[in-house]
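As a plain string of letters, each chain reads:
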Amino acid sequence: MHNKKFVKHYYLMMLPGFVWLIMFSIVPMFGVVMAFQDFNPVQGIFKSKFVGLDNFRYMFIMSDIKQVFINTLVIAIGKIIGNLVVPLAFALLLSELRWKRFGRPIQTIVYLPYFLSWVILGSIVLNIFAYTGPINEFLSMFGLKPIKFFGRADLFRPLIIGTDVWKSFGYNAVIYLAALLGIDPTLHEAAAVDGAGRFRRLLHITLPGIKSTIVLLAILSLGNILNAGFEQIFNLYNPVVYSTGDIIDTWVYRAGLVDLQFSLATAVGLLKSGVSLILIALGYWLADKFAGYKIF
Amino acid sequence: MIEHQTLGSKIFDVINLIVLIVITLLCIIPLWYILCISLSNKTAVDAGIVSFWPVGFNLFSYERIMGEKAFFVSFWISIKRVVLGGIVGVGCILLVAYPLSKSIRQFPKRNLFMWILVFCMLFNGGTVPWYLTMKNYHLIDNIWGLVLAGSLPVFSVILVMNFFRNLPGALEEAAYVDGAGPWKTFFSIFIPLSKPVIATIVLFTIVGHWNEFFQGLVLSTKQANYPVQTYIQQMVVTTDFSTMNVEQIQQALKLNNKSLDAAKVFIAIIPILIIYPFLQKYFVTGITLGSVKE
Amino acid sequence: MKLRKITATVLTLAMIIISLAACGKENNTDSKNTTAANAGTEDSTKDDGAAPAATDTALTDPFGKYADPVTIHLGAGLNPNATFPEGESIEKNDYLDMIKDTFNIDITYDWVASTTDLEQKVNMCIASNTLPDIMNVNATQYRAMLKYDQLQPITKAFDSNASDLLKSFVSSGGDALKDLISVDGEMMAIPAPELTSSSVNTMWIRQDWLDALGLEVPKTVEDLEKVAESFVTKDPDGNGVADTIGIVGASNTGFLANVGQNQFGFDAIFASYGSFPRYWLKDGSGNVTYGSIAPETKEALAKLADMYKKGLIDPELLVRSDSSEPVLAGKAGIFFGPWWSGYTVQNSVLENPTFDWQAYEVPLNSEGKFVSGMSAPTNQYIVVTKNCKNPEAAAKIINLLLRDEESWIASGLKAKLNPSDVYPLFNVYDNANEIEVSYDYLKKYMNGDITMDSVDFSTHKLLKNDMEVIKKLKKEPYDNYSIKNWDLTKEEAPANIGRLISIMVGARPLMEDGYDRVYSLYYGQTDTMASKWSNLEKLQEETFAKIVLGQASIDSFDTFTKNWLAQGGQDIINEVAEVAK
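Residues numbered from 1 in each chain as written. Chains lettered and ligands numbered in written order. Predicted model: local features only at pLDDT ≥ 70, side-chain atom pairs only at ≥ 80, totals over all residues.

(A) Main features of the interface of chain B and chain A. Contact with chain B, which involves 76 residues of that partner, is made by 77 residues of chain A. The element that contributes the greatest number of residues to the side of chain B that touches chain A is helix H1 (residues 7-38) of chain B, accounting for 14 residues. (Contact = placed C-beta atoms within 7 Å. Helix = DSSP H or I, 4+ residues; strand = E, 2+ residues; numbered from the N terminus.)

(B) Structural context of the nonpolar core. Ranked by size, the top nonpolar core spans 326 residues in total, and within it Val160 of chain B together with Val383 and Ala394 of chain C carry the most contacts. Ranked by residue count, the leading element in this core is helix H8 (residues 153-180) of chain A, at 13 residues. Look past the residues within four positions of Ala394 of chain C in its chain and what remains in contact with it is Ile134, Ile154, Ile190, Ile382, Val384 and Leu425 of chain C. (Core = buried A, V, L, I, M, F, W, Y, C linked by C-beta atoms within 7 Å. Buried ≥ 20, exposed ≤ 12 C-beta atoms within 10 Å, placed from the backbone.)

(C) Main features of the UniProt feature "transmembrane region" (unreviewed entry) in chain B. Feature annotation in UniProt assigns "transmembrane region" (unreviewed entry) to the following positions: residues 14-36, 43-62, 82-100, 112-131, 143-164, 185-210 and 262-279 of chain B. In this annotation, residues 262-279 of chain B is assigned 100% helix and 0% strand; the end-to-end C-alpha distance for the span is 27 Å. (UniProt positions renumbered as here; feature names shortened; annotations may be inferred.)

(D) Layout of the packing of helix H9 (residues 169-177) of chain B against helix H10 (residues 182-193) of chain B. Residue and element names in this part refer to chain B. Axis separation between H9 and H10 bottoms out at 10 Å; the angle between their running directions is 130 degrees. The pairing of H9 with H10 is recorded here as oblique in orientation. Along this stretch, H9 crosses H10, giving a crossing that reads as right-handed. On H10, the residues that touch Leu171, Glu172 and Ala175 of H9 are Lys184, Thr185 and Ile189. Among the residues forming the contact of H9 with H10, the class breakdown is three nonpolar, one polar and two charged. (Axes fitted to C-alpha atoms, helices over the stretch in contact; angles between N-to-C directions. Parallel < 35°, antiparallel > 145°, perpendicular 65-115°, else oblique. Left-handed = near helix turned anticlockwise from the far one by under 90°. Nonpolar A, V, L, I, M, F, W, Y, C, P; charged D, E, K, R; others polar.)

(E) Region of interest: the domain arrangement of chain A. Residue and element names in this part refer to chain A. Under the domain assignment used here, chain A contains domain 1 (1-52) and domain 2 (61-117 + 152-291). The straight-line distance from the C-alpha centre of domain 1 to that of domain 2 is 28 Å. Each partner contributes to the interface: domain 1 provides seven residues, whereas domain 2 provides five residues. Grouping the constituent residues of the side of domain 1 that touches domain 2 by class yields four nonpolar, two polar and one charged. (Domains from an automatic or database assignment.)

(F) Up close: the sheet that holds strand S11 (residues 332-337) of chain C. All names here are of chain C. If you trace the four strands from one edge of the open sheet to the other, you get S8-S11-S7-S12, paired in mixed fashion. Here the strands that pair on one side only, and so sit at the sheet edges, are strand S8 (245-247) and strand S12 (357-360). Between one strand axis and the next, the sheet turns through 25 degrees on average, direction left out of account. (Pairing = 2+ DSSP bridges.)

(G) Molecular detail of the environment of Ala255 of chain A. Along the polypeptide, Ala255 of chain A turns up in helix H14 (residues 248-258). The sequence separation of Ala255 of chain A and Ala265 of chain A amounts to ten residues, and the corresponding C-alpha distance is 9.2 Å. Every residue in contact with Ala255 of chain A, bar those within four places of it in the chain, is listed here: Gln261 and Leu264 of chain A together with Ser534 of chain C.

(H) View of helix H19 (residues 463-473) of chain C. Residue and element names in this part refer to chain C. Among the residues of H19, those classed as buried are Leu463, Asp466, Met467 and Ile470. Taken down its axis, H19 places every buried residue within 95 degrees of arc, on the same side. Against helix H18 (434-447) and helix H20 (493-506) lie the buried residues of H19. (Arc of directions from axis to C-beta.)

(I) Examining the UniProt feature "domain: ABC transmembrane type-1" (unreviewed entry) in chain A more closely. UniProt's feature table lists "domain: ABC transmembrane type-1" (unreviewed entry) at residues 69-283 of chain A, given in the numbering used throughout. In this annotation, residues 69-283 of chain A is assigned 73% helix and 0% strand; the end-to-end C-alpha distance for the span is 21 Å.

(J) Layout of the interface of chain A and chain C. Every contact between the two is made by 29 residues of chain A and, on the other side, 31 residues of chain C. Elements supplying a minimum of two residues to the side of chain A that touches chain C: helix H6 (118-128), helix H13 (242-245) and H14 of chain A. For the side of chain A that touches chain C, the element with the most residues is H14 of chain A, which contributes four residues. Broken down by class, the residue content of the side of chain A that touches chain C amounts to 18 nonpolar, seven polar and four charged.

(K) Representation of the packing of helix H11 (residues 211-221) of chain A against helix H8 (residues 154-166) of chain B in the model. Two numbers describe how H11 of chain A lies on H8 of chain B: the axes approach to 11 Å, and their chain directions differ by 155 degrees. As summarised for this structure, H11 of chain A and H8 of chain B are arranged roughly antiparallel, according to the angle between their axes. Considering the relative orientation of H11 of chain A and H8 of chain B, their crossing is right-handed. From H11 of chain A, Ser212, Leu216 and Leu220 of chain A reach across to H8 of chain B, where they touch Phe155, Ile158, Asn162 and Asn166 of chain B.

(L) Representation of unusual backbone geometry in the model. Residues and elements named next belong to chain C. Of note, the bond from Val362 into Pro363 is cis; its omega dihedral lies within 30 degrees of zero at -5 degrees. Residue placement: Pro363 occurs in the loop between S12 and strand S13 (371-373). Put simply, Glu476 and Pro477 share a cis peptide bond, and its omega is -5 degrees. On the secondary structure map, Pro477 appears in the loop between H19 and H20. For Asp184, which is not glycine, the phi torsion reads 50 degrees and is therefore positive. Here Asp184 shows up in the loop between strand S4 (182-183) and strand S5 (186-187).

Here it is in structure tokens:
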């Protein structure tokens, strides 16, 4: 009814945010040109030689690139799933906690590992999983042989995914916890009166109540499909686990040690962004078509 | 909510509590470990024999930090960054999210803007062009560089927008009938009803600014301008001896102090420990909100 | 309510705009200063006619002073733990004052990064072409800057301004060094020569453990195995728990074998098989080949894999984040490292004076000789960028360091503020044989063959202090450098014991027993390397690691060789053969 008049106010509201976005996100985006150049800093973006898709081609002629992509995808997908499911499960358990006064301290403590960078956490993790470390000591109590956790290619991916989820589930749970509070408590009360058990209320009230949040987070996290987490892997990997742990970002990093590969790094960044955009758009479309959600 | 407790339900409660406590203990490990390191003798730490109990307990590291002005300077920079970044960030997020929460009918161009946001969330031009841009804006060695460098947090915008969309349309209609414009509706209806989500994005914004260290490195030309995480990062990164000369190796081995580093890491977490329970309060007050759902 | 909030938002925005404008201004003044400084420089050139004498000496005399102040922009890497005396900083200290007094050069730091972040910061400078006047860069960065044409030749500036001492250090590197720093006959960088002794990774062993178990110092690989086995199984530390490690190896960021210094690497074991991974060598028939794919390397890997399997090598080989931990904890009996490993063990030795680390040239090859691969002649390059107007300043700044470093030790300035932390463009400019010479003098001095008066300290900056301190710390017998024969309780001990152990223990075998040197035919980078090398390196590291850790059979070495050659290795061999003719 007042819509037309309102629109100009809408623009006004978005003005500061979009000015910010243009200045600090869109302006620096001119850099993507580097992906198609043999970038020379002296000549800069405008005068460097264009080489078309050579930087992308360079990547795909490498013999190990297939393995590197598989590693990246497997680790990233594992993390996406883990970082969706574990925080959700934790949030649900926490919301079902009967003794509420424990809730806040638990919540505060579990979100602390998120604040340690992988440089610090990396050496802690290596110590915990060391050959003579606490985990192996624990295993030896059951008569099990010590395991060389980070020296085994077959264990590397689960360890990476597991420790990443461990680091961040408390933090990621915050969104779910906020969403759970949005559910009308009277719905629960009514259901309880009708004799619905806790599990049935979880299925029929709680989960539907935060379904939109779950779908939103799931689709947005598709954007990380090629981000397996450079910081973490760089601090934990070693040549023995290259076959399962070498990811695109570590691969680019090592290429940069031999020859500062500015253009290659940009090309890889662009490729990752492109794939992310396609997947998010696909997720958006699927959610709209099959569930009737417009996530944004 | 008083209800009859079945036996199964009671067993579940107990198991639930145990599971949560175990999870909590697992999460306290790294911090406890860091605390032990910071309270241990330097030689023991270098030898890697400290695990879950301090070896050669002492408070030297903390005493030394007290005398290390540079650490507190970086701490103060981070606090300024978080406060300014929080105000600018949350303000812009809310203001952008509100119009975008409208339907296409109410705001015809919304989809265009939405996809611009998503695009900006995913694409960037790389570090070098970003650095050159910041340099052109004269935001090197400038607190505003640290505040603005990350651009609009699009993820938070989407989160808030979804929350706004789920608020009952009836309230908004009622406000319009009363003659309220979009600004009044935004401030007097949407904002008060959105405390949980605002608390969430305040937390995300604060944490984002507090944890970030790479921008601090690129946007500062000297240590005096480092935010605290950049300051800590430069201490804890493993020194690569292969590129150092003998004198530098000697200095690094002599000055390196993992116990002191751990103390700094620990102190840098304290503000986060303080601020979180404070925000948690708003997660609880949000509970009344659900009562007016469609 | 509403109004207040709007006002708040508006205020925030206003603050942003104001501060943006304000910082814009700040920076404008900055750039004005720079312009003024540059103008000053230009003036000094113009003044040539007016005061020719003053300017002439500045441009020709290594210690000549500029008539007008010259500003040199630098970037710096600063040890993040460095402390400064009150009132001093990296931007304002005695060394900078001396440079100003001597040369009339004002040093301005465009940025100061931590030594841990330095590489990243320099890369950013190169990528954004925002370069200081003079830089201290590594080999990769040097090559990139050459490729991007960011450097100016310094042949003339160096010839006329480098002191004789600096020139002699540079020429001590020979043609191999000259090749690395020259392009088309023009000198492009001032190198910091590598110490010869740093390339040699000897075996460091716990003598007290050997004694406790009644064992001899091993000689061959077989001996080494036996000793390591005893160290693992016979409880050398006598604590009743089987918690000792035989041989500690590389960490997860280290290398099993590398060119030059490689603490915790197994280079010595490889070399005893005649294997030199990562070196360009001539094979039996005179053709260029790569050490990593040579058959000898396969033998060495098979032996290492066997030792690892038997538990003689640290089970956490290549997984540890810090290999020095078990060494410092007194849980390891053997590691390999260069002479300066004395610095590594110093703190743990001070705390536990029973830890008697001794270095030996072990293992010997089948002919009974110890062989070591030698590093590139330099790994650090001081380069002058194109925007620098006073290229001769680079040599001048280093001249002063070379001439006066010894007097800074004498005056106590070095103890107060270490030049390696704050001196602009600092590198170690020593004679390549500095450590050997120091060992020689100290040994003779302790034996009473020479006195301090008979030593010329002018080319040996640190020796004087070494001689004074060793007299205080060393107990009789003077020819036995067991840890028992040092007085670790003296106040000089903490600051000096690391260096003295490094020289008297670490460099001893090099001097007493001698060793054969193997040089790489080529230390540079060929065209194909730029694109293929990281891939080939990965192939090598992964194969070697898997073989040693028993996750791949030794036969996978043959597959590796084939793949290595096929994936660009052969092309690179041909290129190297061409260059290294």
